[in-house]
Amino acid sequence: HSLGMYRNLKKLQDENNSYQMSFCTENDYYRAIENKDIDKNNVRFVCSFFRMEFILVLDSKFKISSYTELLNLILERATGNSENYLKIGLLNSNNSSYYDGIEILKLLKITDKTKGIKINSNYKSMRDLIYSMDRGDEDMIFITTTTKNPFLIDFLKTNFINIIGTDGIKDFLIKAKFPHV
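The shown structure was predicted, so the numbers you read here are calculated from the model rather than taken from an experiment. (Residues numbered from 1 in each chain as written. Predicted model: local features only at pLDDT ≥ 70, side-chain atom pairs only at ≥ 80, totals over all residues. Heavy atoms only, no water.)

Let's talk about the side chain of Ser97
Item 1. As for its placement among the helices and strands, Ser97 is situated in helix 4 (residues 96–107).
Item 2. The buried category is assigned to Ser97, whose relative accessible area is 2%.
Item 3. In contact with Ser97, other than residues within four places in its own chain, are Leu91, Met126, Phe142, Ile143 and Thr144. (Helix = DSSP H or I, 4+ residues; strand = E, 2+ residues; numbered from the N terminus. Buried < 20%, exposed > 50% of the residue type's maximum accessible area, 1.4 Å probe, protein only. Contact = heavy atoms within 4.5 Å.)

Written out as structure tokens, the structure is:
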């Protein structure tokens, strides 16, 4: 049972090599080495997903289809009551999506101090995150996922959404932040 792909790498490091293989993304592997969460000499095998997508899923009521429109709405909400701030959900720090989402938001100059948006990063599973949007707890969610995510597919059976990938973020910024994608 996995509590997140990034955490899988830490388990490989911390569990006295009792685990020999785990799923993760290439970004996870290189980030974990860079952050010194793992010693590449202690990790025996790493299987990496080769096709993952960065996806910002938005409630369709916002009619937003670009990061420019999103940033404009955040600016608009920043001048009002914090109860009207947009709410974005992320998986917690045990998951790849958390790190990817934080980096994508930073490229857009969005942090936890940005007025107009609240970042909630305490979801432990993809299912919990997607269901939070279904309940209306979040206006949008960021996920790093395969295109056939079963929870997202199930969500789409009863909901309409808008999706923003990385379009609108300069390619050189994406390549600088995610050189292994």
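With respect to helix 5 (residues 126–134)
Item 1. For helix 5, every residue scored as buried is listed here: Met126, Leu129, Ile130, Ser132 and Met133. Down the axis, helix 5 shows its buried residues gathered within 150 degrees of arc, on one side only.
Item 2. In the stretch just after helix 5, Gly136 is the one whose phi turns positive, near 90 degrees. (Arc of directions from axis to C-beta.)

Topic: the sheet that holds strand 6 (residues 140–145)
Item 1. Taken together, the five strands give an open sheet; going across it, the order is 5-4-6-3-7, and neighbouring strands pair in mixed fashion. The strands lining the two open edges of the sheet, one partner per strand, are strand 5 (117–123) and strand 7 (161–164). Here the average twist between neighbouring strands, direction ignored, is 25 degrees.
Item 2. Relative to strand 7, strand 3 (residues 53–59) is paired through four bridges, and the arrangement is antiparallel. (Pairing = 2+ DSSP bridges. Axes fitted to C-alpha atoms, helices over the stretch in contact; angles between N-to-C directions.)

Focus on the environment of Arg135
Item 1. Take Arg135: it is sitting in the loop between helix 5 and strand 6.
Item 2. Reaching out from Arg135, the side chain makes a polar contact with the side chain of Asp137 at a distance of 2.9 Å. (Polar contact = N/O pair within 3.5 Å; in protein donor to acceptor, adjacent residues only side chain to side chain.)

Quick word on the pairing of strand 6
Item 1. Counting buried residues along strand 6, six of its six residues qualify, which places the element largely inside the surrounding structure.
Item 2. Residues Met140, Phe142 and Thr144 point to one face of strand 6 and Ile141, Ile143 and Thr145 to the other, with burial holding for every one of them.
Item 3. Note: strand 3 against strand 6, six bridges, orientation antiparallel. Considered in strand 6, the bridge of Ile55 is made with Ile143.
Item 4. The sheet contact formed by strand 4 (residues 86–91) and strand 6 spans two bridges and is parallel. Its bridge partner being in strand 6, Ile88 is matched across the sheet by Met140.

A short note on helix 3 (residues 67–78)
Item 1. Across its twelve residues, helix 3 extends 16 Å between first and last C-alpha, which sits within 8% of the 16 Å expected from 1.5 Å per residue.
Item 2. Of all the positions in helix 3, only Tyr67, Leu70, Leu73 and Ile74 are classed as buried. Taken down its axis, helix 3 places every buried residue within 120 degrees of arc, on the same side. Exposed and facing more than 90 degrees away from the buried side of helix 3 are Thr68, Leu75 and Glu76.
Item 3. Contact partners of the buried residues in helix 3: strand 3, strand 4, helix 4, strand 5, strand 6 and strand 7. (Expected span 1.5 Å × (residues − 1).)

Some thoughts on the pattern of salt bridges
A side chain of one charge can pair with a side chain of the opposite charge when the charged atoms of the two come close.
Item 1. Applying the stated rule across the entire model yields three salt bridges.
Item 2. Two residues, Glu103 and Lys177, come together in a salt bridge whose shortest N-O distance is 3.2 Å. Here Glu103 is found in helix 4, whereas its partner Lys177 is found in helix 7 (residues 171–177), with 74 residues between them in sequence.
Item 3. Overall, the relative accessible area of 38% leaves Lys177 in the partly exposed class.
Item 4. The residue Arg135 makes a salt bridge to Asp137 at a minimum N-O spacing of 2.9 Å.
Item 5. The class of Asp137 is partly exposed, set by a relative accessible area of 35%.
Item 6. Taken together, the shared-partner salt bridges connect Glu103, Lys106 and Lys177 into one network. (Salt bridge = Lys/Arg side-chain N within 4 Å of Asp/Glu carboxyl O.)

As for the environment of Tyr67
Item 1. Considering the arrangement of structural elements, one finds Tyr67 in helix 3.
Item 2. Under the relative-accessibility criterion, Tyr67 is labelled buried at 3%.
Item 3. Those residues within four positions of Tyr67 in sequence are excluded, and the remaining contacts are Leu56, Ile104, Leu108, Ile164, Gly165, Thr166, Asp167 and Ile169.
Item 4. Polar contacts involving the side chain of Tyr67 include one to the main-chain carbonyl oxygen of Gly165, which spans 2.8 Å.

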